[in-house]
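# Structural features, examined
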Amino acid sequence: MNAQNTPLVSVIMPVYNGERYVAQAIESILTQTYTHLELLVLDNGSTDGTAAILRNYAEQDPRVHCLFHPEPLGHAGEAASNMASRQAKGQYIAKLDADDLAVSSRIEKQVAFLEGNPDIFLVGSYLELIDGAGQSKGIRTYPLSSDAIYREFYLRFPVANPAIMYRNGVVEGDFYQLRNKLFTDDYYSLFVYLHGGLAFANLPEPLTRYRVHDRNTVFTNLRAKWDINMDVKRSFIREFGYTPPFTHRLLVGLISAGIHTFPERFLIRIMNRTRKLLNA
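Read on for an overview of the structure. (Residues numbered from 1 in each chain as written. Predicted model: local features only at pLDDT ≥ 70, side-chain atom pairs only at ≥ 80, totals over all residues. Heavy atoms only, no water.)

## As for the overall build of the chain
Summing up its helical and strand segments, the chain has nine helices and nine strands in all. Among the 280 residues that make up the chain, the fraction classed as buried is 54%. Long-range pairs, those at least 24 residues apart, make up 79% of the contacts in the chain between residues at least 6 apart in sequence. Carbon together with sulfur atoms contributes 52% to the accessible area of the chain, which is approximately 12700 Å² in total. (Helix = DSSP H or I, 4+ residues; strand = E, 2+ residues; numbered from the N terminus. Buried < 20%, exposed > 50% of the residue type's maximum accessible area, 1.4 Å probe, protein only. Contact = heavy atoms within 4.5 Å. Areas by Shrake-Rupley, 256 points an atom, 1.4 Å probe, with all protein chains shown as cover.)

The structure is reproduced here in structure tokens:
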């Protein structure tokens, strides 16, 4: 592949206390079949050995650029992603979390799709779920077309944020609108762009390996986070006039009732079962 004839891709990777997995995540980018890329890793106030790992990679490969913030910015990494993306020089920006892995052909396939579909702003993909040891636990699928993605936005987040690539310079200002310190900024922001007329797509293959482990932020403060998630869903209706299908509202209502009925210690098990039910 002749890098001079291909668009530069900026890969954004926020990391907080990620010494356990960040080296694997970085390696998955540096060994991509698509080589014309830069990797912007923002250390979001880590207190473990993350910084040393990042500096070591930056010394070995000039494509790795390390950014450091002295304390956690919050917003589940989206504030850190905003900060890193301000430095992005690429025509396209791709996301990858520091505990996940990119399949070796991910960047090449997403660039090819965006180059061939100039009307599409953002492309994601299916996810392969892996455990802490990297063992496969199944595939999470997503709707493929922009219309189908839009229809599912109340039921679940129908785009995998760690698997997205989008066109740099289309959105004015920061990519993620920061509304909540804990999470959901990605969920809200991508809905705003899709509702506003920017077209999305998902590729029908797992190009990112999403790690499910005990340190995932999604598995902490579950009841409080579900309530925040519900506020975001309601904002789609309240602020934008979004009309979800009746069956989606019914399912979400049933899940919400269950989350507020069962003891906290059972919620992770319940959430995992409902995610499998909804393929979310």
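## Quick look at the side chain of Ser10
Within the secondary structure layout, Ser10 lies in strand 1 (residues 9-15). At 2.8 Å, the side chain of Ser10 and the backbone nitrogen of Gly90 are in polar contact. (Polar contact = N/O pair within 3.5 Å; in protein donor to acceptor, adjacent residues only side chain to side chain.)

## Overview of the packing of aromatic side chains
Given two aromatic rings, one states the distance between the centres and the angle between the planes to describe the pair. All told, the structure shown has 20 aromatic pairs when counted by the stated rule. Measuring from centroid to centroid gives 5.0 Å for Tyr150 and Tyr242, while their planes differ by 90 degrees, and the two rings are edge-to-face. Of this pair, Tyr150 sits in helix 5 (residues 146-151) while Tyr242 sits in the loop between helix 7 (222-240) and helix 8 (246-259), placing them 92 residues apart in sequence. Ring geometry for Tyr187 and Phe236: centres 5.2 Å apart, planes at 80 degrees, overall edge-to-face. Pair noted here: Tyr187 is in helix 6 (residues 185-195) and Phe236 is in helix 7, with a separation of 49 residues, a long-range link. Take Tyr187: its relative accessible area is 3%, and that puts it in the buried class. By way of ring pairs, the aromatic residues Tyr150, Phe153, Phe157, Tyr187, Tyr188, Phe191, Phe236, Phe240 and Tyr242 are connected into one cluster. For Arg55, the ring lying beneath its charged end belongs to Phe68, and the centroid distance is 4.5 Å. Above the ring of Tyr154, the side-chain terminus of Lys233 is found at 5.7 Å from the ring centroid. (Phe/Tyr/Trp six-rings, centres within 6.5 Å; stacked < 30°, edge-to-face > 60°. Lys NZ or Arg CZ within 6 Å of the ring centre and 35° of its normal.)

## Topic: the nonpolar core
Nonpolar side chains tend to gather and get buried jointly when the protein is soluble and globular. Counting residues in hydrophobic clusters, the biggest one holds 36 residues, and the most contacted among them are Leu122, Phe153, Val159, Phe175, Leu190, Phe200 and Phe236. For this core, the elements supplying multiple residues, two or more each, are strand 2 (37-44), helix 3 (78-85), strand 6 (120-130), helix 6, helix 7 and helix 8. Here the element with the most residues in this core is helix 6; it accounts for seven residues. (Core = buried A, V, L, I, M, F, W, Y, C linked by side-chain atoms within 4.5 Å.)

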